[in-house]
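Here is how the chains run, residue by residue.
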Amino acid sequence: MNRYFFKQDAVTLAKDLLGKMLVRKVEGRIINSLITETEAYVGPEDKGSHAYNNKRTKRTETMFKEGGHAYIYLIYGMYNCLNIVCSEKDKPEAVLIRAVEPLNEIEYIRMNRKIKSNKVEDLTNGPGKLCQALDIDTSLDGIDLLNNSVLYIQDNLSNHEIVASKRINIDYAGEYANKLWRFYIKGNKFISKK
DNA sequence: ATTGAGATTGACT
DNA sequence: GTCAATCTCAATA
């Protein structure tokens, strides 16, 4: 992918990222997965966003980077979430990756996840789950997806229908809690919630 | 210095 | 359906 792709607005990019390949290299392995579910956080006016009102903190500073960087943060003290920063520098927009469909290295992923369920979709159908599965944590926060070899996005041909729905777990966001800014691939098993 | 809550998850009743 | 786990950081004092 090129820089222009990531400089789109968050809602457009959230839809365009569906079906794209997320590549993670770790411990000599190359793990390929398809992005199946995303959420858009659109900017300073979005009460659901960490950067609401242009709030700049040590954590949110990454959201103000130019499109194409990774914004990774720790939530609830135990899970990491992966976002793709988009738009221009100093415009805090990002797309949260909520679910992926792993294509290889399933046993490595299963080992990382340490869960009882043997349903393959339980391995990566949630933002915290996929970070644990792919060994993604805050040490990768702020990296440029266009200029490193351990985490990046590859173009991929995909025929799919997109479903739009309300974002998850942002009840505090007032009228922004009802925006249809969550997108997923219709019919895919790797979805966090129906 | 202390407190509170979070873009979640898995285990449990 | 309920709920605790666990930690960073912002808001308050």
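This text goes with the structure placed above it.
Here the structure is a predicted model, which means the values were calculated and not measured.

Thoughts on the side chain of Ser165
Thinking step 1. Examined against the element boundaries, Ser165 turns out to sit in strand E7 (residues 162–165).
Thinking step 2. Each residue touching Ser165, except ones within four places of it in the same chain, is listed here: Lys179, Leu180, Trp181, Arg182 and Tyr184.

Notes on the pairing of strand E1 (residues 21–26)
Thinking step 1. In terms of burial, E1 is a largely internal element, five of the six residues being buried.
Thinking step 2. As paired strands, E1 and strand E2 (residues 29–41) are joined by six bridges and run antiparallel to one another. Considered in E2, the bridge of Lys25 is made with Ile30.
Thinking step 3. The turn joining E1 and E2, which pair antiparallel and follow one another in sequence, is formed by two residues; a positive phi near 50 degrees is taken by Glu27.

A short note on the protein's contact with DNA strand B
Thinking step 1. Around DNA strand B, the surrounding shell holds 21 residues, and the nearest of these are His50, Asn83, Arg113, Asn169 and Tyr172.
Thinking step 2. When atoms of DNA strand B within 4 Å of the protein are sorted by moiety, sugar and phosphate together comprise 54%.
Thinking step 3. Interatomic distance of 3.4 Å between a backbone N/O atom of Gly48 and a base nitrogen of DNA strand B.
Thinking step 4. Arg98 is positioned such that a nitrogen or oxygen atom in its side chain is 3.4 Å from a phosphate oxygen of DNA strand B.
Thinking step 5. Secondary-structure elements contributing two or more residues to the surface near DNA strand B are strand E3 (70–75), strand E4 (79–86), strand E5 (93–102) and helix H4 (127–133).
Thinking step 6. When residues in the surface near DNA strand B are grouped by element, the largest group, three residues, is from H4.

Re the protein's contact with DNA strand C
Thinking step 1. Close contacts around DNA strand C come from Thr57, Lys58, Tyr76, Gly77 and Met78, and that covers them all.
Thinking step 2. Note that a base oxygen of DNA strand C is positioned 2.3 Å from one of the backbone N or O atoms of Tyr76.
Thinking step 3. Grouping the constituent residues of the surface near DNA strand C by class yields two nonpolar, two polar and one charged.

Things to note about the layout of surface pockets
Thinking step 1. Its boundaries defined by the atoms lining it, the largest pocket holds a volume of some 640 Å³.
Thinking step 2. Lining the largest pocket are 27 residues; nearest its centre among them are Tyr76, Cys81, Arg98, Pro127 and Asn169.
Thinking step 3. Sorting the residues of the lining of the largest pocket by element identifies E2, E3, E4, E5 and H4 as the ones contributing at least two each.
Thinking step 4. Of the residues assigned to the lining of the largest pocket, the class counts are 13 nonpolar, nine polar and five charged.

Rules used throughout
- Residues numbered from 1 in each chain as written.
- Chains lettered and ligands numbered in written order.
- Predicted model: local features only at pLDDT ≥ 70, side-chain atom pairs only at ≥ 80, totals over all residues.
- Heavy atoms only, no water.
- Helix = DSSP H or I, 4+ residues; strand = E, 2+ residues; numbered from the N terminus.
- Contact = heavy atoms within 4.5 Å.
- Buried < 20%, exposed > 50% of the residue type's maximum accessible area, 1.4 Å probe, protein only.
- Pairing = 2+ DSSP bridges.
- Near = heavy atom within 4 Å.
- Polar contact = N/O pair within 3.5 Å; in protein donor to acceptor, adjacent residues only side chain to side chain.
- Nonpolar A, V, L, I, M, F, W, Y, C, P; charged D, E, K, R; others polar.
- 1 Å grid on protein atoms, 1.4 Å probe; cavity = no way out; pocket = protein on both sides within 12 Å on 5 of 7 lines; lining within 4 Å.
- Points joined across faces, edges and corners; volume = space filled by probe spheres on them.

In short, the description is geometric, and any link to function would need to be established separately.
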